[in-house]
Amino acid sequence: MVEHLARALVDAPEAVSASAEMHGHTLVVKLAVAPPDVGKVIGRQGRTITAIRTLLTAVESASARRVVLEVVE
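Residues numbered from 1 in each chain as written. Predicted model: local features only at pLDDT ≥ 70, side-chain atom pairs only at ≥ 80, totals over all residues. Heavy atoms only, no water.

**What about the nonpolar core?**
Ranked by size, the top nonpolar core spans 15 residues in total, and within it Val 2, Val 29, Leu 31 and Leu 69 carry the most contacts. Sorting the residues of this core by element identifies α1 (2-9), β2 (26-32), α2 (38-42), α3 (47-59) and β3 (66-72) as the ones contributing at least two each. Those residues in contact with Leu 31 that lie beyond four places of it in its chain are Val 2, Ala 6, Val 16, Ser 17, Ala 18, Val 41, Leu 69, Glu 70, Val 71 and Val 72. (Core = buried A, V, L, I, M, F, W, Y, C linked by side-chain atoms within 4.5 Å. Buried < 20%, exposed > 50% of the residue type's maximum accessible area, 1.4 Å probe, protein only. Helix = DSSP H or I, 4+ residues; strand = E, 2+ residues; numbered from the N terminus. Contact = heavy atoms within 4.5 Å.)

See the structure below:
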């Protein structure tokens, strides 16, 4: 889901990739984008990345997991 949303936001959708790792009860999602597109994924004052994180939290609310989204260049 995160990868699909990010591809719609950036200029280089082929450079977008997402991976997930479990650390205890925490799911860490790492979103990799091209360096010029980092600002587009974060958005003004972090509004876009906050919205994506909110969607991730809503999707994972059924499980007892905590979700963390990291943006990687």
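**Overview of the sheet that holds β2**
Taken in spatial order, the three strands make up an open sheet running β1-β2-β3, and their pairing is mixed. If you trace the sheet from one side to the other, it starts and ends with β1 (17-23) and β3, each paired once. With direction set aside, neighbouring strand axes in the sheet form an average angle of 20°. Two strands pair when backbone bridges link them, and β1 and β2 are joined in this way by seven bridges, in the antiparallel orientation. Within the sheet, the bridge partner assigned to Glu 21 lies in β2 and is Val 28. Here α1 sits on the sheet in contact with β1, β2 and β3, set at roughly 25° to β2. Along the sheet, α3 makes contact with β2 and β3, crossing β3 at roughly 145°. (Pairing = 2+ DSSP bridges. Axes fitted to C-alpha atoms, helices over the stretch in contact; angles between N-to-C directions.)

**Considerations on a nonpolar patch on the surface**
A contiguous nonpolar surface patch, about 280 Å² in accessible area, is contributed by Met 1, Leu 55 and Val 59. With respect to the helices and strands, the residue Val 59 is situated in helix α3. (Patch = residues over 30% accessible without salt bridge, like charges linked within 9 Å, V, L, I, M, F, W, Y side chains within 5 Å. Areas by Shrake-Rupley, 256 points an atom, 1.4 Å probe, with all protein chains shown as cover. Salt bridge = Lys/Arg side-chain N within 4 Å of Asp/Glu carboxyl O.)

**Thoughts on the pattern of salt bridges**
Applying the stated rule across the entire model yields three salt bridges. Salt-bridge contacts for Glu 3 lead to Arg 7; the nearest nitrogen and oxygen are separated by 2.6 Å. Remark: Arg 7 and Glu 3 occur in helix α1; sequence separation between them is four residues, near one turn of the helix. By relative accessible area, which is 26% here, Glu 3 ends up partly exposed. What makes Arg 7 partly exposed here is its relative accessible area of 34%.

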